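Single-letter residue listing:
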Amino acid sequence: MILTNINHDCGYHTQKIATMFFPLERISDSGVSDINVITEKKDSIITVSARVYSKERTLSAVSDDDTAHDLSVLMFRVLSDLTGFEPPWGILYGVRPARLMHATVQKLGIDGARRKFDFDLVKPQKTELALEVMQRENKIIELSKDNSFSLYVSIPFCPTRCSYCSFVSHSIANAGEYIAPYVDLLCRELEETAKVAKDLSLRLETIYFGGGTPTTLSAEQLAKIMQTISDNFDLSTLREYTVEAGRPDTVTPEKLQTVRSLGADRVSINPQTFSDEVRAKVGRRHTTEQTLSAFDMARGAGFDNINMDFIAGLDGETLQSFQSGIDRAVALGADSVTVHNLALKSAAYLVTENEYFDLTAKNTASAMVDYAYKALCKNGYAPYYMYRQSKSLGNLENVGYAKDGKECLYNIYMMDETHTVLAAGAGAVTKLRGASYNNIERVYNFKYPYEYIQRFDQVILRKQKVYDFYSHIK
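Conventions adopted
Here, residues in each chain are numbered from 1, in the same order as that chain's written sequence. Local features are withheld for residues below a pLDDT of 70 in this predicted model, meaning they are given only at 70 or higher, and side-chain atom pairs are given and counted only at 80 or more; totals for whole chains, interfaces and linings count all residues. Only heavy atoms go into the side-chain values, all of them from the structure, while hydrogens and water stay out. Put simply, DSSP H or I for four residues or longer makes a helix, DSSP E for two residues or longer makes a strand, and each gets a number counted from the N terminus. Atoms counted for the radius of gyration: C-alpha only. Globule rule: 2.2 Å times residue count to the power 0.38. Relative accessibility thresholds used throughout: buried, under 20% of the residue-type maximum; exposed, over 50%; partly exposed, between the two (1.4 Å probe, protein chains only). Two strands form a pair only when DSSP identifies at least two bridges running between them. Handedness rule for crossovers: strands pointing away from the viewer, path from the first strand over the helix to the second running clockwise, crossover right-handed. Residues belong to a common nonpolar core when they are buried Ala, Val, Leu, Ile, Met, Phe, Trp, Tyr or Cys residues joined through side-chain atoms within 4.5 Å. Any two residues whose heavy atoms approach within 4.5 Å at even a single point are treated as in contact. In what follows, salt bridge is the name for a side-chain nitrogen of Lys or Arg lying within 4 Å of a carboxyl oxygen of Asp or Glu. Whenever two N or O atoms come within 3.5 Å, that pair is a polar contact, provided that in protein one can donate a hydrogen and the other can accept it, and provided that, for residues adjacent in sequence, both atoms are side-chain atoms.

Q: Would you mind going over the overall build of the protein in detail, with residue names and values included?
A: Across its full length, the protein holds 17 helices and 17 strands. Scaling as 2.2 N^0.38, a compact globule of 474 residues should have a C-alpha radius of gyration of about 23 Å, and the protein matches this with 23 Å. Expressed along its principal axes, the backbone C-alpha trace of the protein runs to roughly 65 × 55 × 45 Å. Counting over 474 residues, the protein shows a buried share of 55%.

Q: Lay out the pairing of strand S12 (residues 336–341) with the relevant residues and their values.
A: The element S12 is largely enclosed, with a buried count of six among its six residues. Because side chains alternate across S12, one face comprises the buried residues Ser336, Thr338 and His340, and the other comprises Val337, Val339 and Asn341, equally buried. Bridging between strand S11 (residues 306–312) and S12 involves six bridges; their strand directions are parallel. Its bridge partner being in S12, Ile311 is matched across the sheet by His340. With helix H11 (residues 319–332) bridging S11 and the parallel S12, this β-α-β connection has right-handed handedness. In this structure, S12 lies alongside strand S14 (residues 397–402), joined through four bridges in antiparallel fashion. Each residue of the ladder has a partner; that of Thr338, found in S14, is Gly400.

Q: Give a detailed account of the nonpolar core, specifying residues and quantitative values.
A: By size, the foremost hydrophobic cluster in this structure holds 98 residues, and its most contacted members are Phe209, Ile225 and Ile229. If you tally residues by element for this core, the top one is helix H6 (residues 179–199), at 10 residues. Beyond its immediate chain neighbours, meaning those up to four positions away, Ile229 contacts Leu151, Val153, Leu190, Ile207, Phe209, Leu235 and Tyr241. Counting 26 residues, the second largest nonpolar core, distinct from the first, contains Met1, Met20, Leu79 and Leu121.

Q: Got a sec to walk through the pattern of salt bridges? Specific residues and values, please.
A: Going through the model one piece at a time under the given rule, you end up with 20 salt bridges. For the salt bridge of Asp81 with Arg57, the shortest nitrogen-to-oxygen distance reads 2.7 Å. Remark: Arg57 occurs in strand S4 (residues 55–62) and Asp81 occurs in helix H2 (residues 67–83); sequence separation between them is 24 residues. Under the relative-accessibility criterion, Asp81 is labelled partly exposed at 45%. You can call Arg57 partly exposed: its relative accessible area is 32%. Several salt bridges converge on common partners, so that one network encompasses Arg96, Arg99, Glu417, Lys431 and Arg442.

Q: Lay out the environment of Thr420 in plain terms, naming residues and giving numbers.
A: One can find Thr420 in strand S15 (residues 420–424). When the C-alpha positions of Thr420 and Val52 are compared, they lie 45 Å apart, and in sequence the two are 368 residues distant. In this structure Thr420 touches Ser148, Phe149, Ser150, Lys431, Leu432, Arg433 and Tyr470, once residues within four positions along its chain are discounted. For Thr420, the side chain forms a polar contact with the main-chain nitrogen of Arg433, separated by 3.0 Å.

By themselves, these figures tell us nothing about what the structure is for.
Okay, structure coming up:
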């Protein structure tokens with residue numbers, strides 16, 4: 001699409017609004033396209049003119065103070081009219097709506113925050129969701145201390161790569177040769193990370209094994225990594241220890257018993273959908289029976305905190321099959337359920353090979369998300385954390401629901417940027433937080449396992465950045 005901005009400096013904002021409506025379009029300021037938008041300010045008058053294929057619309061308004069906000073609203077109204085679609089979060093495009101709500105409530109109070117979100121064209125049900133999540137997040141955020149941190153361990157391997165995936169994940173068919181040396185070096189990095197935490201007197205709150213699929217590793221490899229953590233970190237203040245077992249086809253009783261015996265108290269077993277047909281369509285090669293078996297194995301291993309993930313909007317998923325999946329998770333007694341909204345990114349081939357991002361799909365995804373909220377809340381779950389992605393089906397949100405006391409603390413700490421996250425492994429990002437949200441620095445590990453292995457000395461050298469950060473904030 002062509003987006004032209006005239007006589008104002010609000011191009012960042014107008015581009016964000018354009019992406020809400022046309023997430024798969026490449027935005028340019030020149031050329032030829034079937035989608036053209038012109039935004040202009042002349043004296044105190046702002047104007048948005050748009051042509052979407054054969055439809056055209058122009059609106060003007062007076063803007064004396066906040067041009068960025070007023071142009072965003074005007075552009076939102078024009079594109080809503082042309083496309084027949086009103087993104088439920090209005091002109092808000094931030095990743096963390098609950099944190100925005102928290103800041104707004106602190107400034108304006110709850111009623112004032114509601115009015116502000118309404119001013120930003122947010123649908124009332126989304127405003128209330130943000131308030132509910134904020135209130136639950138705040139209780140957990142208060143548990144964190146000034147010197148708290150979480151540990152993230154990256155296992156970037158999977159049995160196969162799902163078509164919707166844009167994470168740093170590698171199938172064992174293509175990267176299996178790297179697993180053994182990767183595990184050895186990861187343990188060395190964890191030893192160095194523990195030394196940093198000890199030297200800085202940091203307090204460990206949560207551990208999270210993600211990826212990838214950590215249970216792609218053997219029981220022996222998982223034991224080696226977890227024993228390294230036990231031997232080197234002070235676990236006396238640990239509140240939560242999660243190991244993702246996301247692919248049920250990687251789960252065995254031996255692996256679950258191993259991770260449980262070495263301290264993990266929470267696992268995530270992720271069907272994404274209970275439709276075998278849909279799952280096969282997106283390249284997720286496991287069956288419903290394997291999911292049910294993995295869940296039973298986790299209970300048998302002693303886990304009383306099991307999460308299940310679902311994705312709203314998968315290709316081929318109907319509203320009825322999605323509803324059935326949520327109902328099944330409730331019937332199983334999952335302790336938490338996370339509902340993701342399908343995000344289409346350049347790294348996931350669905351973007352280029354299967355573009356089905358039309359109004360029907362958006363409306364269906366919205367109905368799925370709404371059903372999940374109602375069904376889960378009715379059955380004793382509550383929304384406790386939330387985030388959004390810019391290129392998502394229907395511009396919706398990802399929400400974690402949990403029974404009381406079963407919330408994933410790491411998810412909240414990571415998404416809210418509550419405290420430092422020290423991360424180890426390929427693709428891992430250490431996030432250092434000082435006294436405020438404005439004082440955050442990131443230290444990146446190499447993205448791919450072969451890079452991580454070949455340049456491991458540099459991975460260790462970068463630990464110095466953690467010392468440097470804390471020396472400047474004290």
